[in-house]
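So the chains spell out like this:
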Amino acid sequence: MASIGHAVEFQDSFPSMLEGLGTQGFMLELCNGFRLLMDSDKGLITFESLKRNIVLLGLQEMRDDELVCMLMEGDLDGDGAINQMEFCILMFRLSPGFMDGSKQWMEELSANEM
Ligand SMILES: [Ca+2]
């Protein structure tokens, strides 16, 4: 996954964000992130909406093929776009350092009835 190195750097701030925000606040941040990137007509992140909003993430140096790679990585049901659940899962997967804490986080989340 060398091609998504930029994204990984970005995601590495997640553990400290989670610490500062708490589970609920962090979930809100994730949802906000999704909404920033999504195509508001479709309610999904598409290549076009990602391309349009990538500057917001400071990832404007990512090439088109890297964006496509990210989309394909996150697109679990194969419809060519990323929905909110796929986005959250992708964020976890792009953040190796976060995986250690994510199990506990997911348990806390399901305890709160997401
Ligand atoms: Ca999908």
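Residues numbered from 1 in each chain as written. Predicted model: local features only at pLDDT ≥ 70, side-chain atom pairs only at ≥ 80, totals over all residues. Heavy atoms only, no water.

### Remarks on the coordination of the calcium ion
Okay, step 1: The coordination sphere of the calcium ion, as far as protein atoms go, consists of Asp75 (OD), Asp77 (OD), Asp79 (OD), Ala81 (O), Glu86 (OE) and Glu86 (OE), spread over 2.3 to 2.6 Å.
Okay, step 2: Metal-centred angles of 52 to 158° between the 6 donor atoms at the calcium ion mark the site as irregular.
Okay, step 3: Donor residues for the calcium ion sit on one chain with the sequence pattern D-x1-D-x1-D-x1-A-x4-E. We note that Ala81, like Glu86, is buried. (Donors = N, O, S within 2.8 Å, 3.2 Å for Na, K, Ca; no water. Tetrahedral: all angles 85-135°; square planar, octahedral: opposite > 155°, others 65-115°. Buried < 20%, exposed > 50% of the residue type's maximum accessible area, 1.4 Å probe, protein only.)

### Examining empty space enclosed by the protein
Okay, step 1: Applying the stated criterion across every chain yields a total of 1 cavity of 30 Å³ or more.
Okay, step 2: The computed volume of the largest cavity comes to approximately 40 Å³.
Okay, step 3: Around the largest cavity, the lining residues are Leu37, Ile45, Leu50, Met70, Leu71, Ile82, Phe87, Leu90 and Met91.
Okay, step 4: Only α4 (64–74) and α5 (84–93) provide two or more residues apiece to the lining of the largest cavity.
Okay, step 5: Element by element, the count of residues in the lining of the largest cavity is highest for α5, at 3 residues.
Okay, step 6: For the lining of the largest cavity, the class distribution of residues is 9 nonpolar, no polar and no charged. (1 Å grid on protein atoms, 1.4 Å probe; cavity = no way out; pocket = protein on both sides within 12 Å on 5 of 7 lines; lining within 4 Å. Points joined across faces, edges and corners; volume = space filled by probe spheres on them. Helix = DSSP H or I, 4+ residues; strand = E, 2+ residues; numbered from the N terminus. Nonpolar A, V, L, I, M, F, W, Y, C, P; charged D, E, K, R; others polar.)

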